[in-house]
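# Chains, contacts and geometry: an overview
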Amino acid sequence: MPDGKTFKENIAEEKQKLSGMNLKQKISYLKTYYLTAALIILAVIIAGVWIFIESTLSRRNIEAAGVFINVEADNACYTFLTSGYEEYKDMNLWKSKVTLSTGDYIDFSPELQMMDSYQSQMALHAQISTGFFTYMIVDRNALEGLRYLDVYLDPNLIFTERSKEVFQDAVVSLDMPVGDASEGEMKEMPVALDLGKIGFTTAASMNQQSAYLVFIDVDADYENMKEFLEYFCTYPSILR
């Protein structure tokens with residue numbers, strides 16, 4: 001120790017000083033000599049805990065990542081697709097998570113598109129093309145406008161017996177680019193599920209005339225998608 005005393009001797013000396021003080025004097029003494037050090041230690045502990053939590057949460061597996069484009073739904077739908085799915089899978093929220101981005105609106109008509117809309121579209125293009133999302137719920141304009149990214153998954157590939165029963169008449173096909181996009185060759189392919197045909201747009205209080213569920217085929221985990229689609233079929237008031 002700097003004064004030549006051992007740690008134990010210093011503690012004994014502090015106890016001796018405090019024993020001769022009343023409560024007010026003790027509080028004043030502790031504030032004068034120990035408050036700053038205590039606050040510094042507390043701040044270090046809080047910072048350490050925060051860094052640990054942030055680093056742990058940032059490494060969580062994403063079980064489902066969705067985005068609404070040009071569509072809206074009620075709060076019950078948002079809860080169903082996020083925390084509802086976490087409960088359904090009994091997820092350990094320290095290791096896994098579910099995300100859902102809402103409020104994305106894009107005008108896909110080039111003659112009407114403003115610069116901020118164009119920038120939003122490019123940002124979404126990048127996220128979709130790199131597999132940032134696992135699924136999208138979109139209106140008809142977005143469904144057709146984003147098809148040239150060529151990332152739509154054939155929903156038939158992830159049907160289970162249960163989801164096929166619900167969605168078998170709701171599969172939507174589009175002319176999709178085939179091979180070299182510059183050659184303009186197109187082929188009709190199944191790419192989405194019409195949520196209006198199963199009553200989801202009504203059940204989720206959607207005002208849109210159309211809403212489609214599209215899965216993204218970029219580093220796709222088919223088993224996770226099958227499970228999510230089967231869960232989707234449990235939404236209240238969906239027609240069977």
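Residues numbered from 1 in each chain as written. Predicted model: local features only at pLDDT ≥ 70, side-chain atom pairs only at ≥ 80, totals over all residues. Heavy atoms only, no water.

Below, the discussion takes up the sheet that holds strand E1 (residues 61-69). If you trace the six strands from one edge of the open sheet to the other, you get E2-E1-E3-E6-E5-E4, paired in mixed fashion. Each having just a single partner strand, strand E2 (96-104) and strand E4 (171-177) make up the two edges of the open sheet. With strand direction ignored, the average angle separating the axes of adjacent strands in the sheet is 30°. Across the face of the sheet, helix H9 (residues 222-232) comes into contact with E1, strand E3 (135-138), strand E5 (186-194) and strand E6 (212-215) while running at roughly 165° to E6. (Pairing = 2+ DSSP bridges. Helix = DSSP H or I, 4+ residues; strand = E, 2+ residues; numbered from the N terminus. Axes fitted to C-alpha atoms, helices over the stretch in contact; angles between N-to-C directions. Contact = heavy atoms within 4.5 Å.)

Let us now look at unusual backbone geometry. Look at asparagine 70: it is not a glycine, yet its phi comes out positive at around 65°. By secondary structure assignment, the location of asparagine 70 is in the loop between E1 and helix H3 (75-81). One non-glycine residue, aspartate 219, adopts positive backbone phi at about 50°. Relative to the helices and strands, aspartate 219 is located in the loop between E6 and H9.

To continue, consider H9. Residue pairs spaced three or four apart in an α-helix point in one direction, given the helix's 3.6 residues per turn. Among all positions in H9, only Asn224, Met225, Phe228, Leu229, Tyr231 and Phe232 are buried. Angularly, the buried residues of H9 cover 155° about the axis, an arc narrow enough to put them on a single face. (Buried < 20%, exposed > 50% of the residue type's maximum accessible area, 1.4 Å probe, protein only. Arc of directions from axis to C-beta.)

Inspection of the entire model under this criterion finds four salt bridges. In this structure, glutamate 227 and lysine 89 form a salt bridge, with 3.4 Å as the shortest nitrogen-oxygen distance. With glutamate 227 in helix H9 and lysine 89 in the loop between helix H4 (83-88) and E2, this residue pair connects regions lying 138 residues apart in the sequence. Taking the relative accessible area as the measure of exposure, glutamate 227 reaches 32% and is therefore partly exposed. Linking glutamate 144 and arginine 140 is a salt bridge whose minimum nitrogen-to-oxygen distance equals 2.9 Å. Remark: arginine 140 and glutamate 144 occur in helix H6 (residues 140-145); sequence separation between them is four residues, near one turn of the helix. Using a relative accessible area of 31% as the deciding quantity, one classes glutamate 144 as partly exposed. Overlapping salt bridges, with partners in common, bring together Glu63, Lys89 and Glu227 in one network. (Salt bridge = Lys/Arg side-chain N within 4 Å of Asp/Glu carboxyl O.)

Residues Leu81, Ile137, Phe167, Phe200 and Phe232 are the most contacted members of the largest nonpolar core, which totals 35 residues. When residues of this core are traced back to their parent elements, those giving at least two are E1, H3, E2, E3, helix H7 (161-167), E6 and H9. Broken down by element, the residue count for this core peaks at five residues, all from H9. With near-sequence residues (within four places) excluded, phenylalanine 167 lies in contact with Phe159, Leu193, Leu195, Ile198, Leu229, Phe232 and Cys233. (Core = buried A, V, L, I, M, F, W, Y, C linked by side-chain atoms within 4.5 Å.)

On to the packing of aromatic side chains, then. Per the counting criterion, the structure on display carries 14 aromatic pairs. On the numbers, 5.1 Å between centres and 90° between planes, the contact of tyrosine 85 with phenylalanine 228 is edge-to-face. Residue tyrosine 85 is found in helix H4, and its partner phenylalanine 228 is found in helix H9; the two are separated by 143 residues along the sequence. In terms of burial, tyrosine 85 and phenylalanine 228 fall into one category: buried. Seen from their ring centres, phenylalanine 132 and phenylalanine 133 are 5.0 Å apart, and the 90° between their planes marks the pair as edge-to-face. Through a chain of ring-to-ring contacts, the aromatic side chains of Phe80, Tyr85, Tyr88, Tyr135, Phe167, Phe200, Phe215, Phe228, Tyr231, Phe232 and Tyr235 assemble into a single cluster. (Phe/Tyr/Trp six-rings, centres within 6.5 Å; stacked < 30°, edge-to-face > 60°.)

Residue-level pLDDT values for the protein chain average 82, and 83% of them are 70 or greater. Averaged pLDDT values for the elements of the protein chain fall to 72 in helix H5 (residues 115-129) and rise to 96 in E6. The model gives residues 112-116 a pLDDT under 50, and that stretch makes six contacts with residues more than four places away or in other chains. (pLDDT = per-residue confidence, 0-100.)

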